[in-house]
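Structural characterization, general
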Amino acid sequence: MNISEKINLTDTTPEDRSPEDRSMAIRETLRNAIIDRRLAPGTKLSESEVGSLFDVSRTVARAALQMLAFEGLVKTERNRGAFVSNPSPEEARQIFASRRLIEPGIVAAAVERLTPEDIAEFRRQLDEEERYLNERGPAARRAEIKASGDFHLMLASVAGNVILQRFMDELVARSSLVIALYGRSGVSSCGHAEHSAVLDALEKGDGERAAKLMIHHIDHIEADLDLQLKQGLGLKDALSLA
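Residues numbered from 1 in each chain as written. Predicted model: local features only at pLDDT ≥ 70, side-chain atom pairs only at ≥ 80, totals over all residues. Heavy atoms only, no water.

The protein has the name GntR family transcriptional regulator in an unreviewed UniProt entry, where Neorhizobium galegae is given as its organism.

Encoded structure:
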């Protein structure tokens, strides 16, 4: 199956858009396909193929791939091109270590700015998470991972720090890929109940408790990942299992 069969090209890049807008639209479409694992880790993303699929120049396609490389979702190799990232166990650990440093600060800022309207929006988000949790199949799992990540992005938005929002956008994107790759359970383990507990603490104005719950929550996500490097079997042993 080629790239065009794995991504949704309904978000086209009309001629009246600027090159920057076209690159952003391509980046968003490819980003969603990577996080959803419709584009598997290691998939080659050639500038010529991306340009052909979206009917843009290689320059525009290259800019989109560079954005994804900056986010860590694509890796570029000299003389080989761009590939969907395949994060190592150590990279996965570093992602969650970064989240443990950043998200308590986001929670502390959010508790000072949270409005009743924000609370209502968070409740709607939690309802969406629960709906996906009750569904089955790969599509529901992808949607649940995305909805869970959106909860954290909403907190970053409420906190009101644009720089932290950008950091979280990258961290959540990388986390989603790691969860899809290494997650052991049938769901993302970015637990619905834990999100509810964080929100309850925020609604009560208890930022300290919300921050502690967030750390516990991130620990829980990482604990559900199988990050052990596995020793491959020798040829004889592998064939004997057939």
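This next bit is on the pattern of salt bridges. Taken as a whole and assessed by the stated rule, the structure comprises 20 salt bridges. A salt bridge links Arg 27 to Glu 28, with the shortest nitrogen-to-oxygen separation between them at 2.8 Å. Taken together, the shared-partner salt bridges in this structure form one network comprising Arg 27, Glu 28, Arg 31, Glu 71 and Asp 169. (Salt bridge = Lys/Arg side-chain N within 4 Å of Asp/Glu carboxyl O.)

Turning our eyes to something else, we now look at the packing of helix α6 (residues 138-159) against helix α7 (residues 162-182). Helix-helix packing is characterised by the crossing angle of the two axes and by the distance between the axes. Contact geometry for α6 and α7: axes closest at 10 Å, N-to-C directions at 160°. By the angle between their directions, the pair α6 and α7 is classed as roughly antiparallel. Considering the relative orientation of α6 and α7, their crossing is right-handed. Here Arg 141, Ile 145, Gly 149, His 152, Leu 153, Ala 156 and Ser 157 of α6 come into contact with α7, specifically with Gln 165, Met 168, Asp 169, Val 172, Ser 176, Ile 179 and Ala 180. In the contact of α6 with α7, the residues fall into 7 nonpolar, 5 polar and 2 charged. (Axes fitted to C-alpha atoms, helices over the stretch in contact; angles between N-to-C directions. Helix = DSSP H or I, 4+ residues; strand = E, 2+ residues; numbered from the N terminus. Parallel < 35°, antiparallel > 145°, perpendicular 65-115°, else oblique. Left-handed = near helix turned anticlockwise from the far one by under 90°. Contact = heavy atoms within 4.5 Å. Nonpolar A, V, L, I, M, F, W, Y, C, P; charged D, E, K, R; others polar.)

Another aspect to go through is the nonpolar core. Counting 36 residues, the largest nonpolar core has Phe 96, Val 107, Phe 122, Leu 155, Val 178, Leu 202 and Leu 225 as the members making the most contacts within it. Secondary structure elements with two or more residues in this core: α4 (89-113), α5 (116-133), α6, α7, α8 (192-203) and α9 (207-223). In contact with Phe 96, not counting residues within four places along its chain, are Ser 175, Val 178, Ile 179, Ile 218, Ile 221, Glu 222 and Leu 225. Counting residues in hydrophobic clusters, the runner-up holds 21 residues, among them Ile 34, Val 56, Val 74 and Leu 177. (Core = buried A, V, L, I, M, F, W, Y, C linked by side-chain atoms within 4.5 Å. Buried < 20%, exposed > 50% of the residue type's maximum accessible area, 1.4 Å probe, protein only.)

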